[in-house]
Amino acid sequence: AQSVTQLDSHVSVSEGTPVLLRCNYSSSYSPSLFWYVQHPNKGLQLLLKYTSAATLVKGINGFEAEFKKSETSFHLTKPSAHMSDAAEYFCVVRGGGATNKLIFGTGTLLAVQP
Amino acid sequence: EADIYQTPRYLVIGTGKKITLECSQTMGHDKMYWYQQDPGMELHLIHYSYGVNSTEKGDLSSESTVSRIRTEHFPLTLESARPSHTSQYLCASSEVGEQYFGPGTRLTVT
């Protein structure tokens, strides 16, 4: 069965410093992995996705993630945080079968200090 | 930006009322989903649909029901709202791969 574990429930960084949000996955086959962002009182927006092509995936707003099979990790990074990055981030793995169900992590709340 | 819409965005309603949360998408996706999300928590799948006239219950048990009469429309109904139904409800659609989410409906039952 597929699952994801987000290792930090809260991360706080200063504006202009790097962001690292950690995610480990478990999958019985080559997974499809996603990062979504949710701003307060909004729906979810896709940041980036990994679907077994390049292991370094670039997303929107300067975010990127690296798929590391040996470490079963898919950490999200950004070189320089902006105040507008403050939000909840979800690491997600696609479940198996034709349903295209997504399995969500518990989320990481990113705070950006001025 | 994904073309998926939810109405109402916010709803405050009394116990025992019947409510329908609307969800529509203009992308022609066959698959649609309803999630429930409590504040600061992860999303839980409560219903999904493969296509017209196809609906299934999700991983989290819910007293709500859904219908899929048209490809673009996937409404969720609560016959008798209770305070325990207070939550955010998110609708999504997809083909293969990523899902596209609507803005959500924040429901409060008093």
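Not measured: the values here are computed from a predicted model. (Residues numbered from 1 in each chain as written. Chains lettered and ligands numbered in written order. Predicted model: local features only at pLDDT ≥ 70, side-chain atom pairs only at ≥ 80, totals over all residues. Heavy atoms only, no water.)

Novice: Can you explain the nonpolar core? Please cite residues and give values.
Specialist: If you look at the biggest cluster of nonpolar residues, it comprises 26 residues, and the most contacted ones within it are A:W35, A:L48, A:L76 and A:Y89. With four residues, the single largest contributor to this core is strand β10 (residues 87–94) of chain A. Not counting chain neighbours up to four residues away, the residues in contact with A:L48 comprise A:L33, A:F34, A:W35, A:V57, A:K58, A:G59, A:F63, A:E64, A:A65, A:F74 and A:L76. Core analysis: the second largest hydrophobic core is formed by 18 residues, B:L21, B:M32, B:V66 and B:L78 among them. (Core = buried A, V, L, I, M, F, W, Y, C linked by side-chain atoms within 4.5 Å. Buried < 20%, exposed > 50% of the residue type's maximum accessible area, 1.4 Å probe, protein only. Helix = DSSP H or I, 4+ residues; strand = E, 2+ residues; numbered from the N terminus. Contact = heavy atoms within 4.5 Å.)

Novice: Provide a residue-level description of the sheet that holds strand β3 (residues 19–25) of chain B, including the pertinent values.
Specialist: Residues and elements named next belong to chain B. The sheet built from four strands is open, its strands ordered β1-β3-β8-β7 with antiparallel pairing. Each edge of the open sheet carries a strand with a single partner, namely β1 (4–7) and β7 (65–66). Pairing of β3 with strand β8 (residues 76–78), which is carried by three bridges, proceeds in the antiparallel orientation. Its bridge partner lying in β8, I19 is registered against L78. (Pairing = 2+ DSSP bridges.)

Novice: Tell me about the state of the cysteines, and please be specific about residues and values.
Specialist: Tallied over the entire structure, the rule returns two disulfides over all chains. Across the disulfide from A:C23 sits A:C91; the S-S distance is 2.0 Å. Residues A:C23 and A:C91 share a disulfide whose torsion about the S-S bond is about -70°; that sign makes it left-handed. Highlighted residues: A:C23 in strand β4 (residues 23–26) and A:C91 in strand β10, separated in sequence by 68 residues. Look at A:C23 and you get buried, because its relative accessible area is 0%. A residue is classified by how much of its surface remains accessible, and A:C91, at 0% relative accessible area, is buried. Linked covalently through their sulfurs, B:C23 and B:C91 form a disulfide whose S-S length is 1.9 Å. (Disulfide = S-S within 2.5 Å.)

Novice: Which residues make up the interface of chain B and chain A, and what are the values?
Specialist: Contact with chain B, which involves 25 residues of that partner, is made by 19 residues of chain A. Summed over the three residues of chain B that lose the most area to chain A, namely B:E42, B:E98 and B:F101, the buried surface amounts to 27% of that side. Here B:D59 ties to A:K101 by a salt bridge, and the two come within 3.4 Å at their closest N and O atoms. Counting the contacts that link chain B with chain A gives five residue pairs in polar contact (both at pLDDT 80 or more). At the level of secondary structure, the elements contributing two or more residues to the side of chain B that touches chain A comprise β4 (31–37), β5 (44–51) and β9 (87–94) of chain B. (Buried area = accessible area lost by both parts, 1.4 Å probe. Salt bridge = Lys/Arg side-chain N within 4 Å of Asp/Glu carboxyl O. Polar contact = N/O pair within 3.5 Å; in protein donor to acceptor, adjacent residues only side chain to side chain.)

Novice: With reference to specific residues and values, describe the environment of A:S70.
Specialist: Along the chain, A:S70 falls in the loop between β8 (64–68) and β9 (73–78). A:S70 sits 45 residues away from A:Y25 along the chain, and the two C-alpha atoms are 11 Å apart.

Novice: Describe in detail the packing of aromatic side chains, supporting the description with residues and values.
Specialist: Counting across every chain of the model gives 13 aromatic pairs over all chains. Pairing A:Y36 with B:F101 gives two aromatic rings, centres 5.5 Å apart and planes at 80°, and the pair type is edge-to-face. One end of the pair, A:Y36, is in strand β5 (residues 33–38); the other, B:F101, is in strand β10 (residues 100–101), on a second chain. Side by side, A:Y36 and B:F101 carry an identical accessibility label, which is buried. (Phe/Tyr/Trp six-rings, centres within 6.5 Å; stacked < 30°, edge-to-face > 60°.)

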